[in-house]
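Observations on the model geometry
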Amino acid sequence: MAPPEIRTISNFRDVGGAATRGGRRVRRGLLYRSGHLGSASAEELAALAGLGIRTVIDFRGAQDLEGDGAGRLPPGARLVRLPMSDPAAGGDIRDLLYRADAVGLERVLGGGGAERMMRAAAAGLVTDRCAEFGALLRGLAGAHPLPALMHCSAGKDRTGWAASLLLLVLGASEDDVIEHYLLSNDYRREENEQLLASPRDGLQPEWIRPFLEVRAEYAHAALAAAAERFGNFDAYVEVGLGVDAPTRERLASRLLE
């Protein structure tokens, strides 16, 4: 769980701990993940500094910054921006949730529509954001001082794929990667239930639950997209992301015990 000093930074946790196929383990205390830092208190920033955070990687785009706030940095940390749109709150989805009438919402989100949108969004992160995720891996292989914290708005979709991608590249099993991915539902449970308890008029809570949660189906959609577009996961990393074998070796040397 998150340190007790970190109360308002959503979904904060360590990416480390997973075993890998090579018999090594992803080191703890080097890479963290979370939601945005827009509401972080001075005490929480001090707690992040106490963890040694030297790099904060922000995946949010302009619309997120407008809604969340620009975010604050722990003392001594540098900011790296890799902006991409939020698949759970992109323009079309945001318009639906805040502007569409109840009939339109039911037509699009009901009957599994919301889940289909999120599966497509998870696949789109893989196929449409190769430049950003390639830059992330290359940076973590050498340019970014560690420990690092990576985040988006809720810390579950863009950050979820970033963590899944990194763990897979380091040799963690798909089962362990998906288990780590699904922990967002535990870390965000109270926050999600509060949001579901007071939806706007005409919006059924179960229509928006798929946007607030992560599901194994979303992870499988992402993995399938990598295989379908590039042939297999390794080809996705090498060809799609432009991350070669020496870069993967540097990642392993930095992040594996």
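Read on for an overview of the structure.

The subject of this paragraph is the sheet that holds strand E1 (residues 13–14). As summarised here, the arrangement of the five strands in space is E1-E2-E5-E3-E4, forming an open sheet in which the pairing is mixed. Two strands in the sheet have a free side with no partner beyond their single neighbour: E1 and strand E4 (78–81). Looking at chain direction, strand E3 (residues 55–58) and strand E5 (residues 148–151) are connected through four bridges and run parallel. The residue bridging Thr55 from the neighbouring strand is Ala148, located in E5. On top of the sheet, helix H7 (residues 158–170) reaches strand E2 (31–34) and E5; it is set at about 155° to E2, its chief contact.

Tallying each qualifying case throughout the model produces five aromatic pairs. Here Trp161 and Tyr236 contribute two aromatic rings whose centre-to-centre distance is 6.3 Å and whose plane-to-plane angle is 50°, an arrangement assigned as tilted. On the criterion of sequence distance, the pair formed by Trp161 in helix H7 and Tyr236 in helix H12 (residues 233–240) is long-range, its members being 75 residues apart. We note that Trp161, like Tyr236, is buried. Look at Phe230 and Tyr236: their rings are 5.5 Å apart centre to centre, the planes differ by 50°, and that puts the pair in the tilted class. Assessed through its relative accessible area of 0%, Tyr236 is described here as buried. Taken together through their ring pairs, the aromatic side chains of Trp161, Phe230, Phe233 and Tyr236 make up a single cluster.

In an α-helix, one turn spans 3.6 residues, which is why side chains three or four residues apart end up on the same side. Among the eight residues that make up helix H10 (residues 205–212), six are buried, leaving the element largely enclosed by the rest of the structure. Three or more residues of H10 are buried, namely Trp207, Ile208, Arg209, Pro210, Phe211 and Leu212.

Bringing the environment of Glu179 into the picture now. Its place among the elements puts Glu179 in helix H8 (residues 174–187). Taking relative accessible area as the criterion, Glu179 reaches 53% and is therefore assigned exposed. For the pair formed by Glu179 and Trp207, sequence separation is 28 residues and the distance between their alpha carbons is 24 Å.

Another aspect to go through is the environment of Ala47. Its place among the elements puts Ala47 in helix H1 (residues 42–50). The exposure class of Ala47 is buried, given its relative accessible area of 14%. It is 8.2 Å that separates the C-alpha atoms of Ala47 and Pro74, two residues lying 27 residues apart in sequence. Once you skip the residues sitting within four places of it in the chain, Ala47 turns out to touch Glu5 and Ile6.

A few words now on the pairing of E2. Residues Leu31 and Arg33 line one face of E2 and the alternating positions Tyr32 and Ser34 line the opposite face, and both faces are buried. Sheet topology places E1 next to E2; two bridges connect them, and they run antiparallel. The residue bridging Arg13 from the neighbouring strand is Arg33, located in E2. In this sheet, E5 lies alongside E2 in parallel orientation, the contact comprising four bridges. Each bridged residue has a counterpart across the sheet, and for Leu31 the counterpart in E5 is Ala148.

With that settled, the discussion passes to the pattern of salt bridges. Side-chain pairs of opposite charge can arise whenever the charged atoms involved come near each other. Tallied over the full model, the rule gives 14 salt bridges. Asp68 is the partner of Arg60 in a salt bridge, and the nearest nitrogen-oxygen pair spans 3.3 Å. Since its relative accessible area comes to 1%, Arg60 is described here as buried. Between Glu213 and Arg209 there is a salt bridge; the shortest N-O distance is 3.0 Å. Summarising the burial analysis for this pair, Glu213 and Arg209 share the class buried.

For the rest of this paragraph, the subject is the environment of Met84. Residue placement: Met84 occurs in the loop between E4 and helix H3 (91–99). We classify Met84 as buried; its relative accessible area is 2%. Along the backbone, Met84 and Ala225 are 141 residues apart, and their C-alpha atoms lie at a distance of 18 Å. When neighbours within four sequence positions are excluded, Met84 is seen to be in contact with Phe59, Arg60, Gly61, Asp64, Leu125, Arg129, Glu132, Phe133 and Arg158.

About the cut-offs
Residues numbered from 1 in each chain as written. Predicted model: local features only at pLDDT ≥ 70, side-chain atom pairs only at ≥ 80, totals over all residues. Heavy atoms only, no water. Pairing = 2+ DSSP bridges. Helix = DSSP H or I, 4+ residues; strand = E, 2+ residues; numbered from the N terminus. Contact = heavy atoms within 4.5 Å. Axes fitted to C-alpha atoms, helices over the stretch in contact; angles between N-to-C directions. Phe/Tyr/Trp six-rings, centres within 6.5 Å; stacked < 30°, edge-to-face > 60°. Buried < 20%, exposed > 50% of the residue type's maximum accessible area, 1.4 Å probe, protein only. Salt bridge = Lys/Arg side-chain N within 4 Å of Asp/Glu carboxyl O.

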